[in-house]
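Residue-level listing of the chains:
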Amino acid sequence: MTQHWSFRPLWRLLRRAPLVAWAAVGFAAAAGGLHLALPAPWHLYAPPRSDKLAMLETRRAIANAAAFGSSRVHNGFDPSAFDVALAEHGYPVTSLNLGIFGGAQTEERALAREFVAHLLAPVSAPCLVLLELNAGLNFQTINLFHPRAINLYDPDTVLFALQFSGGRVGAVRRLGRAGIALAAGMLHIANVGMLGEALFEPVPDPPAPRSDALRGFLNEDPSLAGLAGVKQAFESRPSEPAAETMPLLPGNQEMLVDVAAAAAVSNIQLVYFVTPTLENLQRAPRYPDTIDGPGGAVPIFNFAQPAKYPELFEAPLWSDPGHLSRSGAATFSRLLADEVGAWIARTPRASRCGD
Amino acid sequence: MLFTELRFFVFLGFVLFVYWSLTSNDHRKTFLLLASYVFYGSWDWRFVAMLFLLSAGDFFFARRIDGSQSAAARRAYVVASMTMNLGVLGVFKYCNFFIDSAVSLADAFGASLSRPTLQIILPVGISFFTFQSLSYTIDVYRRELKPARNLRDYLFVAAFFPQLVAGPITRPAFFLPQLVDHRVVTAPEVRRFLVMFLIGYLKKAGIADNVAPFVDRVFGDPDSFSAIASLTAAWLYAVQIYCDFSGYSDMAIASAGLMGYRLVQNFDAPYLASSIQDFWRRWHISLSTWIRDYIYVSLGGRSPRRVVTYRNILLTMLAGGLWHGAAWTFVAWGGLHGCALIADRETKRRLPPARGSVVRQCLGWFLTTNFVCLAWILFRAADFGTALTLIRHYLMLDSGGSATLPPWLTALPPALLIVQYASRSWRWPEKLAFLEERSFALTYGAAWAFVVALLPLAHRPFIYFQF
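Scoring rules and cut-offs
Residues numbered from 1 in each chain as written. Chains lettered and ligands numbered in written order. Predicted model: local features only at pLDDT ≥ 70, side-chain atom pairs only at ≥ 80, totals over all residues. Heavy atoms only, no water. 1 Å grid on protein atoms, 1.4 Å probe; cavity = no way out; pocket = protein on both sides within 12 Å on 5 of 7 lines; lining within 4 Å. Points joined across faces, edges and corners; volume = space filled by probe spheres on them. Helix = DSSP H or I, 4+ residues; strand = E, 2+ residues; numbered from the N terminus. Nonpolar A, V, L, I, M, F, W, Y, C, P; charged D, E, K, R; others polar. Buried < 20%, exposed > 50% of the residue type's maximum accessible area, 1.4 Å probe, protein only. Contact = heavy atoms within 4.5 Å. Polar contact = N/O pair within 3.5 Å; in protein donor to acceptor, adjacent residues only side chain to side chain. Pairing = 2+ DSSP bridges.

Engineer: A description of empty space enclosed by the protein should follow, citing residues and the corresponding values.
Structural biologist: The tally for this structure, following the rule as stated, stands at two cavities of 30 Å³ or more. Approximately 50 Å³ is the volume attributed to the largest cavity. Together, Leu51, Leu54, Ser55, Asn85, Phe129, Thr130, Gln132, Ser133, Tyr154 and Ala158 of chain B line the largest cavity. Elements that contribute at least two residues to the lining of the largest cavity include exactly helix H3 (46-67), helix H5 (126-141) and helix H6 (151-159) of chain B. A total of four residues in the lining of the largest cavity trace back to one element, the largest contributor, which is H5 of chain B. Grouping the constituent residues of the lining of the largest cavity by class yields five nonpolar, five polar and no charged. The calculated volume of the second largest cavity comes to roughly 30 Å³. Lining the second largest cavity are Gly69, Leu98, Ile100, Gly103, Ala104, Glu107, Glu108 and Leu111 of chain A. With three residues, the top contributor of residues to the lining of the second largest cavity is helix H6 (residues 105-117) of chain A. Grouping the amino acids of the lining of the second largest cavity by side-chain chemistry returns four nonpolar, two polar and two charged.

Engineer: An account of the environment of Gln277 of chain B is requested, with residue identities and associated values reported.
Structural biologist: Residue and element names in this part refer to chain B. Residue placement: Gln277 occurs in helix H11 (residues 276-282). On the basis of relative accessible area, Gln277 is assigned to the partly exposed category, the value being 23%. Taking the C-alpha atoms as reference points, Gln277 and Thr368, 91 residues apart in sequence, are found 9.3 Å from one another. Not counting residues within four places of it along the chain, the set of residues in contact with Gln277 comprises Leu341, Asp344, Arg345 and Lys348. Separated by 3.5 Å, the side chains of Gln277 and Lys348 make a polar contact.

Engineer: Let's hear about unusual backbone geometry: which residues, and what values?
Structural biologist: One can expect most non-glycine residues to show negative phi and most peptide bonds to be in trans. Phi at Asn191 of chain A is positive, roughly 60 degrees, even though this residue is not glycine. The residue Asn191 of chain A is located in the loop between helix H9 (171-189) and helix H10 (194-199) in this model. Judged by relative accessible area, which is 0%, Asn191 of chain A ranks as buried. The backbone of His284 of chain B sits at a positive phi, close to 40 degrees, despite the residue not being glycine. Here His284 of chain B lies in the loop between H11 and helix H12 (285-299). Residue His284 of chain B is classed as buried on the basis of its relative accessible area, which comes to 0%.

Engineer: Give a description of the pairing of strand S5 (residues 269-274) of chain A that names residues and reports values.
Structural biologist: Residue and element names in this part refer to chain A. Where burial is concerned, most of S5 is hidden: six out of the six residues are buried. Residues Gln269, Val271 and Phe273 point to one face of S5 and Leu270, Tyr272 and Val274 to the other, with burial holding for every one of them. Strand direction decides the pairing type here: S5 and strand S8 (residues 296-302), joined by three bridges, are parallel. Bridge assignment links Tyr272 to a residue of S8, and that residue is Ile300.

Take a look at the structure:
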């Protein structure tokens, strides 16, 4: 006899719920098996992250310093300017720019760990890991279905991300941060898109030779809209920005622990820095000067303070209200090198990586 | 709202839940009509009004055609309906094409005209629902169909969301009778439609969308690629367009089926065709039968004079080509297929019948498949220059550039063809639907795990860059 399915009323539908559970079991079992079969380092693949990783691969043998973070680092950290300025302090380094457009703390940690894991101890030189403190935590919601998020958010990364959703973060933001991390983690465990990428070799983005030649630093010419934004930001500049005390989150400390633990050599110098934006003309965030790291205090260099770094807050140094121009990047990198140089002078142990 | 998007799954789940919870057939139809307008409005709300007005207009014309006694009045109403539908299609889809063509023609004769390109947004699915609507008034005019009993029913037929934007072109003559009674779905049917949806999703998202970037690379810069890469790209495009379109059709048929409605079959393993005529019996069946019944037949169809028959075939295929897109490459593609159909008829007329000849079947399949792939080059290429380069590469008349594609991609289309041949022989999708419920649920869940892992995320732009 033909069995007729009727979805009315609701209880009859609910009688089918065990079948949905069986389907979920089938899905979980297959996804788990597939997850184990996928190549282990897969989680790092995703343009443009992989472009920076490819650049790192070619310069691994010579680099002993790198800056990590968002587009403010990608556009704003000039390795050449940094190296020259730090050499003037007596600390020769070869640095790389491993900042990425839209980069998040989770991505920053992944790249920093990858960098330090293959670090070769240079003779009489520091190993610097320069971490942007104010990079976003997660990728934006609209980028959830992207390999940059899905490939990266393994359970360990999800736990790391959750460390940014505690403390004094507001309830909505806390929920949003945790929600995105958990959603990305679920997509990761479900291998969404991963088999497609493994089978169909993704078409690479056009190479960025300038970026590669400049060790990852790529600063495009400013747009008219960007310059108009800069002009407006300076025109509406108050006499003094409002001070805003920013909390340090457990994740900030966890980042230091995780990066140090991944290091192939001892005695690496971890540094946090806060990148400036023109929003700082209105509100200047305040952070503690240091944070406890695995090997002692780690400095936090806060460049988001117009009063302390007035030379950074000049209109020609900006491409748009969020990003420095080429000359701005040079200025910022020199200032960062000066701060790092002064710190190393105060903590001599940091000058000799691997000792 | 594409069938592959998460929000469509949410939408479909909600629609199915409410639909099957309603007890009255009238309420169900009204609800599905509203849901269909919401679905169409997810692209652009402004075009919902256009869809409503076109459907209401054809409902009105069909009633007048049916109610008129005089042949002249009936003819006037059907002409008015055709003018309305083709007018809308012409304005939205072909306006710029005709203007550009006229300007180019004037240029060729030395007259310099300015090129007033209009900024017209193409309403999604317009080619499908105008053809569907046309068939309604023409069928009523031909007295092959009684008009819909009420406006709501016809609006529902015209807007039914599973088939609204990409077919299958479901003629009201086929669909209207289904509106009379409560729809019923049996448990094995539900499983069969769930399997069909999964296979459609796999074809569209798992295969078509994954091979698309490789096709785009070669068609975007054919001179740089080797002849083998061009050949591979043409084959991959054949896979892409089939998986894309038939996958979408599968999902449409399955979505409608879960509500108890039947849509027409749209594809039947077209790349297994042994002749070009056979190909058109298997490819986009709802369109090929539509143009046969409403263009070819209207032109006179098969005539005792072969030349007239061939002219009708050619004109029909040219129109079919133009239906696919507003560009001369599409017209040329249609013309090429028209010529092939004529050549096919001539060959069959001249050669002795050879029923059951495996050699001739294989030869027919080989020639047909390669012809279809060659013709797809015209269909896909941005211009005739690109198409010519790729055709030369395909025929190995030119070795091309040095860029290549991963070698395994060359083997993918034949492998997929073998899979299709095998699945037709073994009928495993049907067998899957007849599994015991719990085994089906387990297998179905596991299959989705593989399908979502195949989603082509790598080629998705990071949205950050748009800001």
